[in-house]
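Residue-level structure breakdown
Here are the chains, one letter per residue:
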Amino acid sequence: QVQLVESGGGLVQPGGSLRLSCAASGSIGSFNIMGWYRQAPGKQRELVAAISSGGVTNYADSVKGRSTISRDNAKNTVYLQMNSLKPEDTAVYYCNVRSFITGAQNYWGQGTQVTVSS
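Report follows, based on the coordinates.

What counts, and where the lines are drawn
Residues numbered from 1 in each chain as written. Predicted model: local features only at pLDDT ≥ 70, side-chain atom pairs only at ≥ 80, totals over all residues. Heavy atoms only, no water. Helix = DSSP H or I, 4+ residues; strand = E, 2+ residues; numbered from the N terminus. Rg over C-alpha atoms; globule rule 2.2 N^0.38 Å. Buried < 20%, exposed > 50% of the residue type's maximum accessible area, 1.4 Å probe, protein only. Contact = heavy atoms within 4.5 Å. Disulfide = S-S within 2.5 Å.

Topic: the overall build of the protein
Helices and strands together make up the secondary structure of the protein, namely zero helices and eleven strands. Ordered by position from the N terminus, the helices and strands of the protein form the series β-β-β-β-β-β-β-β-β-β-β. Compactness check: the protein gives a C-alpha radius of gyration of 14 Å against a globular reference of 13 Å for 118 residues, within 12% of the reference. Taking the principal axes of its C-alpha atoms as reference, the protein extends roughly 45 × 25 × 20 Å. Every one of the 118 residues in the protein was classed for burial, and the buried ones make up 45%. Long-range contacts, defined as pairs at least 24 residues apart, comprise 53% of the intrachain contacts of the protein with a sequence gap of at least 6.

Okay, here's the thing in structure tokens:
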């Protein structure tokens, strides 16, 4: 059973930075995609950034240039460094892992709140 444990959310002032971490336990296979999604109140969950086990990255236009996703394959951990945060970045951030050991399997973390406010 795969479990995802997130950390790093919190309250930050506009223009500030945060680093989110997500550690996956269990077998996720040598090829997988790890990423972060977010959901603001009244809005649909949306992709923030994703990174494959090979290091290929994908970012939402809204965070491109302000955020960096990275991973440590030995630790099955993904990181999201967010800079120049804006109030519109306020949301619950969810870690996601897509594993392909036996077909496509999707795993989600419990979510961590990020609030950008002065």
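So, the state of the cysteines
By definition, a disulfide links two cysteine residues through a covalent bond between their sulfur atoms. With the rule as written, the count across this model stands at one disulfide. A disulfide bridge connects Cys22 with Cys95, and the sulfur atoms are separated by 2.1 Å. Every disulfide takes its handedness from the sign of the S-S torsion; for Cys22 and Cys95 that torsion is -80°, giving left-handed. Of the two residues, Cys22 sits in strand S3 (residues 18-25) while Cys95 sits in strand S9 (residues 91-99), which places them 73 residues apart along the sequence.

Details of the side chain of Ser67
Of note, Ser67 is situated in strand S7 (residues 67-72). Judged by relative accessible area, Ser67 falls into the buried class, the value being 8%. In this structure, Ser67 is in contact with Tyr59, Leu80, Gln81 and Met82, ignoring residues within four places of it in sequence.

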